[in-house]
Each structure stands twice: as C-alpha cells, then as structure tokens.
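Coordinate analysis (summary)
The chain contents come next:
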Amino acid sequence: EAKRRGRNGMQFYNQQIEQQTAEIHRIEVQLRGAVERGELSVHFQPLVSLASRQVRSAEALLRWTSPVLGIVSPATFIPVAEQRGLIHAVGSWVLDTAVDQVRQWRAAGQPDLGVSVNVSPLQFERDDFVAQVQATLQRHSLAGSALTLELTEGSLLSDFAASNIKLRELRALGIQVAVDDFGTGYSSLAYLRTLQVDIVKIDRSFIWAMQDDGLTFVEAIVRIAHHLKLRIVAEGIETPEQCCSLQTLSCDLGQGYLFSKPLPSAEFLAFVQETNRATQPDAAHALPHG
Ligand code: C2E
Ligand code: MG
Ligand code: MG
Ligand code: MG
C-alpha cells in the first residue's frame with residue numbers, strides 16, 4: 001500500500017514537472033522575437049517623497065502582452081528569460097526604453113525626474129555590463145544621476161568583491177544603486193556597511209507586517225540605513241496608515257498603490273505634473289533650513 005502510494009506520488013510529481021517544462025517552453029517560444037514584434041512595453045510607477053509628497057522618480061516595470069498567451073506577468077516570464085538566455089536582449093531593451101523615456105520627460109518640463117531599472121543578476125554578472133549602461137546613457141545624452149539600478153541582495157552578494165568593483169564604476173558615472181526587495185534574501189544588515197550602494201528598498205512584506213509586530217523591524221532598518229547615509233524606499237504602500245507610520249519613522253521615499261499603480265508613460269507624466277503642482281518641493285530644496 002505504502003509502495004503504491006509512493007509510486008503514484010512520484011507519477012504525480014513527474015507529471016507536474018512535465019507540465020512546468022511545457023509551460024516554460026511555450027513562454028520561451030513566444031518570448032523569442034517579442035521585442036522585435038513590439039509586444040513588450042514599460043510601465044512606470046511613481047516614487048514619492050514621504051515628506052513632501054512630490055514625485056521624484058519612476059520605477060520601470062516591464063509588461064508583455066502576447067497575442068498567443070495574453071498578458072503574462074514579469075514574475076512569470078523574467079525567470080524564463082533568465083533560464084533561456086533571453087534576459088540580455090530583454091534587459092537591454094528595458095534599459096534603453098527607460099533611459100529614452102526619462103530624457104523625454106526631462107525635456108518636457110520635469111528636469112529633476114529620475115528612473116529606476118531592475119537588473120537581473122545575469123545582466124549584472126556580465127563583464128561588459130557597466131560599459132553597456134554607459135553606452136546607453138551616452139546614446140540618449142542622459143546624465144548618470146538620472147538613473148538608478150535596482151539589484152537584489154542575491155545578485156549583489158554572490159560575489160561581493162566583484163560586485164563592489166562594478167558598483168564603484170557605476171557610481172563613478174553618477175548612477176545610483178538600490179538594493180531591491182531588502183529583507184527577503186540574506187536579511188543581513190551587516191553587508192550594507194561595506195557594499196557600494198545608495199538606496200535600500202524595503203520589501204513590501206515588511207511594510208505589510210508593520211500593523212502586526214513588524215514596526216520595530218522597519219524602524220531598525222531605517223535607523224541603520226540612515227546611519228550609513230543610505231536612502232530608504234518603502235515598497236508596496238497601500239494604506240494611509242502604512243504611509244503615516246513610515247513618515248513618522250523618517251523613511252525617505254514611498255511606492256505603492258496608495259499613490260499610484262504602474263502607469264503607461266503618458267499617464268505617468270500627467271500624474272507627475274498634477275501631483276507636483278499640488279504639493280510643495282521638499283524644504284531641503286527650497287530653503288537653506290526649514
Ligand atoms: P519589483 O522590482 O520588486 O517591483 C515591484 C512590484 O510590486 C511590481 O510588480 C509592482 O507592480 C508591484 N507593486 C507596486 N506597488 C504595489 C502595491 O502597493 N501592492 C502590491 N501588491 N504590489 C505592488 P510587477 O510589475 O508585477 O513586477 C514584479 C517583479 O518582476 C519586479 O519586482 C521585478 O523583480 C521583476 N521585473 C519587472 N520588470 C523587470 C525588468 O524590466 N527587468 C527585470 N530583470 N525584472 C523585472
Ligand atoms: Mg524593483
Ligand atoms: Mg522591489
Ligand atoms: Mg518586491
């Protein structure tokens with residue numbers, strides 16, 4: 001009896017793996033050429049100063065509508081792109097599109113707006129990564145200070161020394177580096193002391209846990225990050241209560257559905273124009289003290 005159940009269990013397991021492999025294959029086939037066929041687009045989600053409510057920058061988030069598969073989430077197709085060697089073409093396209101977009105917004109009367117781009121560990125790993133980013137900025141005549149690259153803890157820490165060399169080169173170009181989904185990986189604060197980064201993005205799971213017993217944890221991250229002269233972004237803010245707590249903790253920037261979902265570029269610009277007209281720039285920008 002146990003043996004029979006065991007064998008059935010194994011059969012079920014094999015079936016699951018086969019289904020997953022077929023699904024990955026279907027995505028891979030459709031994703032090949034998706035860039036050329038114009039099926040990809042980038043949406044932009046505002047990053048808002050919690051002190052002033054001014055929009056400071058946008059996170060570029062990839063969107064794919066396949067004529068065969070329909071809307072596919074990046075959480076589904078990015079891992080496939082990584083597994084099947086398509087992430088380099090896709091990643092270059094996103095970077096190019098985002099850099100071109102922020103240059104256009106700046107020319108359209110938003111000279112201080114920045115953009116953040118997510119970078120896969122496989123892109124960051126490449127020897128020519130820094131050169132590729134630099135070439136993209138040059139192609140669009142954009143200052144490095146307009147660009148933030150978002151990397152995950154795993155990506156940054158898999159080879160600490162090699163990462164830090166690249167991070168120094170990126171920062172020498174004026175580019176800012178953010179640790180994305182902070183707290184979900186190694187969950188160690190110690191490495192922030194020596195890692196060449198500018199921004200810590202606290203994962204939304206911690207923002208959501210604040211109402212239970214997570215407040216002290218977020219407070220500790222903010223304190224340590226500020227002590228290290230890093231800026232803090234809170235991801236996934238959905239309620240005014242979350243926003244209020246984070247503001248009290250002096251968290252610098254917020255991102256989440258409370259402010260806005262990711263938007264197509266034209267809607268994003270309209271959102272910035274409206275929001276930044278209705279709010280005052282941060283005191284630090286306007287006055288020597290205040
Ligand atoms: P991420 O970089 O952590 O991006 C934030 C994700 O949280 C986005 O999901 C965003 O739409 C979602 N989000 C923002 N605010 C809220 C909120 O208030 N509540 C909730 N529930 N969710 C919120 P999205 O766009 O589905 O992207 C998922 C992940 O896919 C990203 O997580 C990132 O890891 C990856 N990704 C997206 N675009 C790219 C890309 O161009 N390149 C790479 N390598 N990865 C990308
Ligand atoms: Mg991100
Ligand atoms: Mg994130
Ligand atoms: Mg996240």
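One numbering rule holds for all chains: residues counted from 1, following each sequence as written. Each chain takes a letter, starting from A, and each ligand takes a number, starting from 1, following the order in which they are written. Only residues with pLDDT of at least 70 get local features here, since the model is predicted, and only at 80 or more are side-chain atom pairs given and counted; chain-wide, interface and lining totals rely on the full set of residues. To get the side-chain values, all heavy atoms of the structure are used, and hydrogens and water are removed first.

An unreviewed UniProt entry lists the protein chain under the name Bifunctional diguanylate cyclase/phosphodiesterase, with Deinococcus malanensis as the source organism.

Some details on the pairing of strand 6 (residues 176–182)
Rule in force here: Categorising residues by exposure relies on relative accessible area from a 1.4 Å probe, with only protein chains included: less than 20% of the type maximum marks a residue as buried, more than 50% marks it as exposed, and the intermediate range marks it as partly exposed. Strands here are runs of E lasting at least two residues and helices are runs of H or I lasting at least four, both read from the DSSP assignment and numbered beginning at the N terminus. Pairing between strands requires that DSSP locate at least two bridges from one strand to the other.
Of all 7 residues that make up strand 6, 6 are buried, and the element is covered over most of its length. Examined bridge by bridge, strand 5 (residues 147–152) and strand 6 share 5 bridges and lie parallel to one another. Residue L149 lies in a different strand from strand 6, and its bridge partner there is V177. Sheet topology note: the strand 6/strand 7 (residues 199–202) ladder contains 3 bridges and is parallel. Bridge assignment links V179 to a residue of strand 7, and that residue is V200.

Describing the site of ligand 1
Under the convention used in this document: Residues are labelled near a given molecule or strand when at least one of their non-hydrogen atoms is within 4 Å of it. We call two N or O atoms a polar contact when they sit within 3.5 Å, provided that within protein one can donate a hydrogen and the other can accept it, with sequence-adjacent residues counted only if both atoms are side-chain atoms. All accessible-area figures derive from a Shrake-Rupley calculation using a 1.4 Å probe, and residue coverage is judged against the displayed protein chains alone. Residues are grouped as follows: nonpolar covers Ala, Val, Leu, Ile, Met, Phe, Trp, Tyr, Cys and Pro; charged covers Asp, Glu, Lys and Arg; every other residue, Gly included, is treated as polar.
Taken together, 21 residues are adjacent to ligand 1, and R63, N118, D180, E238 and Y257 come closest. D181 is positioned with one of its side-chain polar atoms (N or O) 3.0 Å from an oxygen atom of ligand 1. One of the side-chain N or O atoms of E235 is found 3.3 Å from an oxygen atom in ligand 1. Protein contact buries 83% of the 810 Å² of open area that ligand 1 shows by itself. For the shell around ligand 1, the secondary-structure elements that each account for two or more residues are strand 2 (55–66), helix 2 (74–83), strand 6 and helix 8 (204–227). Of the residues forming the shell around ligand 1, the biggest block, 4 residues, is contributed by strand 2. The residue makeup of the shell around ligand 1, split by class, is 9 nonpolar, 5 polar and 7 charged.

What about a nonpolar patch on the surface?
We apply this condition: Each patch is assembled from residues with relative accessible area greater than 30% and no salt bridge, linking like charges that lie within 9 Å and nonpolar side chains (Val, Leu, Ile, Met, Phe, Trp, Tyr) that lie within 5 Å. We define a salt bridge as a contact between a side-chain nitrogen of Lys or Arg and a carboxyl oxygen of Asp or Glu at a distance within 4 Å.
A contiguous nonpolar surface patch, about 300 Å² in accessible area, is contributed by M10, Y13 and I17. By the element assignment, I17 lies in helix 1 (residues 2–31). For I17, a relative accessible area of 37% puts it in the partly exposed group.

Let's talk about the confidence of the model for the protein chain
Definition in use: As a per-residue quantity, pLDDT reports the predictor's confidence and falls between 0 and 100. Throughout, a contact is declared for two residues whenever any of their heavy atoms are within 4.5 Å.
Predicted confidence across the protein chain gives a mean pLDDT of 92, with 95% of residues reaching 70 or more. Per-residue pLDDT stays below 50 along residues 285–290; that stretch engages in 2 contacts with residues further than four places along the chain or on separate chains.

What about the coordination of the magnesium ion (ligand 2)?
A metal bound by six donors in octahedral fashion has ideal angles of 90 or 180 degrees, whereas one bound by four tetrahedral donors has an ideal angle of 109.5 degrees. Using the following cut-off: Donor selection uses N, O and S atoms within 2.8 Å of the metal (3.2 Å for Na, K and Ca). Since no water is included, sites may look incomplete.
Within the protein, the magnesium ion (ligand 2) binds to E59 (OE), N118 (OD1), E150 (OE) and D180 (OD); these donor distances fall in the range 2.0 to 2.2 Å. Sequence positions of the residues that donate to the magnesium ion (ligand 2) give the spacing E-x58-N-x31-E-x29-D. In this model, the magnesium ion (ligand 2) sits 3.5 Å from the magnesium ion (ligand 3), the two metals being bridged by D180. Highlighted residues: E59 in strand 2 and E150 in strand 5, separated in sequence by 91 residues. Take E59 and E150: they sit in the same class, and that class is buried.

Brief notes about the coordination of the magnesium ion (ligand 3)
Within the protein, the atoms that donate to the magnesium ion (ligand 3) are D180 (OD), D181 (OD) and E235 (OE), at distances of 1.7 to 2.6 Å. Taking relative accessible area as the criterion, D180 reaches 7% and is therefore assigned buried.

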